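Breakdown of the fold
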Amino acid sequence: MMDHFFADYKKFIVVPEDEKKRNEVFDHKNYAAYYILTLSLFDPRISCWRDAGKFEIDIDKSIETVLKGFNEKQRERYHLQLLEVDKSKNYFILALSSKIKFTSEEEQDSISFIIDRILTNPFYVAQSWFNLIGEKGRIARKLFSCSFKEYVIEDLTNPNRDEKYENISELVPKTNGEIKLLKNSLKREIL
């Protein structure tokens with residue numbers, strides 16, 4: 001057999017599709033609908049996230065791990081992003097982006113399916129969050145109570161939307177000790 005038979009093997013490398021897409025960056029333009037989800041524990045044994053340390057659970061690391069796995073597996077349909085987790089509170093807030101626009105009749109069922117069927121199991125089993133809920137939650141195998149609201153962005157180019165402006169003036173000291181009132185152009189207030 002020739003020693004250099006596979007010398008040009010690099011021309012034949014095909015990277016698996018999963019490896020290519022893992023490095024994708026979230027782009028909101030690729031999604032049709034956005035929801036803000038507030039998740040709290042169903043039948044909690046803790047009063048705030050700080051108490052999860054008693055059960056040897058690092059809340060921040062757990063959420064990060066689960067969301068990373070969710071986004072890799074569901075990248076063709078959904079994306080979840082952590083917006084807020086405060087250790088002194090008993091809930092956390094996620095942004096759900098969906099490539100499909102749900103009708104108002106589908107919203108509740110679809111989001112419940114995502115939370116209860118797709119998201120709960122990695123938290124419940126892999127991250128041991130079953131320790132954070134009581135017997136009632138374990139029997140129902142329900143980890144989260146969830147509320148949501150659709151996140152709608154107003155069209156920024158719409159000329160009919162209300163814009164608030166304020167007049168900005170600055171006092172600028174001059175080199176000779178005088179103070180000059182400098183008026184700037186109108187500044188748009190960011191809401």
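Report on the accompanying structure. (Residues numbered from 1 in each chain as written. Predicted model: local features only at pLDDT ≥ 70, side-chain atom pairs only at ≥ 80, totals over all residues. Heavy atoms only, no water.)

**Focus: the overall build of the chain**
Here is the rule we go by: Going along the chain from the N terminus, every DSSP run of H or I of four or more residues is numbered as a helix, and every run of E of two or more is numbered as a strand. Summary of the burial criterion: residues with accessible area below 20% of their type's maximum are buried, those above 50% are exposed, and those between are partly exposed, where the area comes from a 1.4 Å probe applied to protein chains only. Contacts are assigned to residue pairs with any non-hydrogen atoms lying within 4.5 Å of each other. Note that accessible areas follow from Shrake-Rupley with a 1.4 Å probe, and for residues the cover is restricted to the protein chains shown.
Scanning the chain from terminus to terminus reveals 4 helices and 8 strands. Burial statistics for the chain: of 191 residues in total, 28% are counted as buried. Here the analysis covers contacts within the chain between residues at least 6 apart in sequence; of these, 64% occur between residues at least 24 apart. When the accessible surface of the chain is split by element, carbon and sulfur atoms take 51% of a total near 14,000 Å².

**Let's talk about the pattern of salt bridges**
Pairing of side chains with opposite charge becomes possible as their charged atoms draw close. For clarity, the cut-off: Between Lys or Arg on one side and Asp or Glu on the other, a salt bridge is scored when a side-chain nitrogen of the former is within 4 Å of a carboxyl oxygen of the latter.
As enumerated under the stated definition, the model contains 6 salt bridges in all. Among the salt bridges present, the one from Lys11 reaches Asp8, with a minimum N-O distance of 3.5 Å. When its relative accessible area of 35% is taken as the criterion, Asp8 is described as partly exposed.

**A short note on the side chain of Asn71**
Counted only if it meets this: Under the rule applied, a polar contact is a pair of N or O atoms within 3.5 Å (in protein, one hydrogen donor and one hydrogen acceptor; residues adjacent in sequence only if both atoms are side-chain atoms).
Within the secondary structure, Asn71 is located in helix α2 (residues 59–73). Among the polar contacts made by the side chain of Asn71, one reaches the side chain of His79 at a distance of 3.5 Å. The residues contacting Asn71, other than those within four sequence positions of it, are Tyr78, His79 and Leu80.

**Details of unusual backbone geometry**
Backbone geometry at Glu56 places phi at a positive 55°, although glycine is not the residue there. Tracing the chain through its elements places Glu56 in the loop between β1 (33–41) and α2. Overall, Glu56 belongs to the exposed group, its relative accessible area being 75%. For Ser128, which is not glycine, the phi torsion reads 60° and is therefore positive. One can find Ser128 in the loop between α3 (104–126) and α4 (135–140).

**Some remarks on the sheet that holds strand β4 (residues 144–150)**
Inclusion rule: For two strands to be treated as a pair, DSSP must find no fewer than two bridges joining them. Axis definition: a line fitted to C-alpha atoms, limited for helices to the stretch in contact. Angles are taken between N-to-C directions and run from 0 to 180 degrees.
If you trace the 4 strands from one edge of the open sheet to the other, you get β2-β3-β1-β4, paired in antiparallel fashion. In this open sheet, the two edge strands, each paired with only one partner strand, are β2 (78–85) and β4. Pairs of neighbouring strands in the sheet enclose a mean axial angle of 25°, with direction left out of account. By the bridge criterion, 7 bridges tie β1 to β4 in an arrangement that is antiparallel. The partner of Thr38 across the bridge, within β4, is Ser147.

**A word on the packing of aromatic side chains**
Applicable threshold: Only Phe, Tyr and Trp rings take part, Trp by its six-membered ring, and two of them pair if their centres are within 6.5 Å. Stacked means planes under 30 degrees apart, edge-to-face means over 60, and tilted covers everything else.
For the structure shown, the criterion picks out 12 aromatic pairs. With a centroid separation of 6.3 Å and an interplanar angle of 85°, the aromatic rings of Phe92 and Trp129 are classed as edge-to-face. You can see Phe92 sitting in strand β3 (residues 91–98) and its partner Trp129 sitting in the loop between α3 and α4, a full 37 residues away along the chain. Exposure remark for Trp129: the relative accessible area of 0% places this residue in the buried category. Note on Tyr124 and Phe130: the rings are 5.9 Å apart at their centroids and 50° apart in plane angle, and the pair reads as tilted. Among the aromatic residues, those joined into a cluster by ring pairs are Trp49, Phe92, Phe123, Trp129 and Phe144.

**Let's talk about the environment of Gly134**
Tracing the backbone shows Gly134 in the loop between α3 and α4. The exposure class assigned to Gly134 is buried, which follows from its relative accessible area of 10%. Taking the C-alpha atoms as reference points, Gly134 and Phe42, 92 residues apart in sequence, are found 8.2 Å from one another. For Gly134, the residues in contact, after removing those within four places along its chain, are Asp43 and Arg45.

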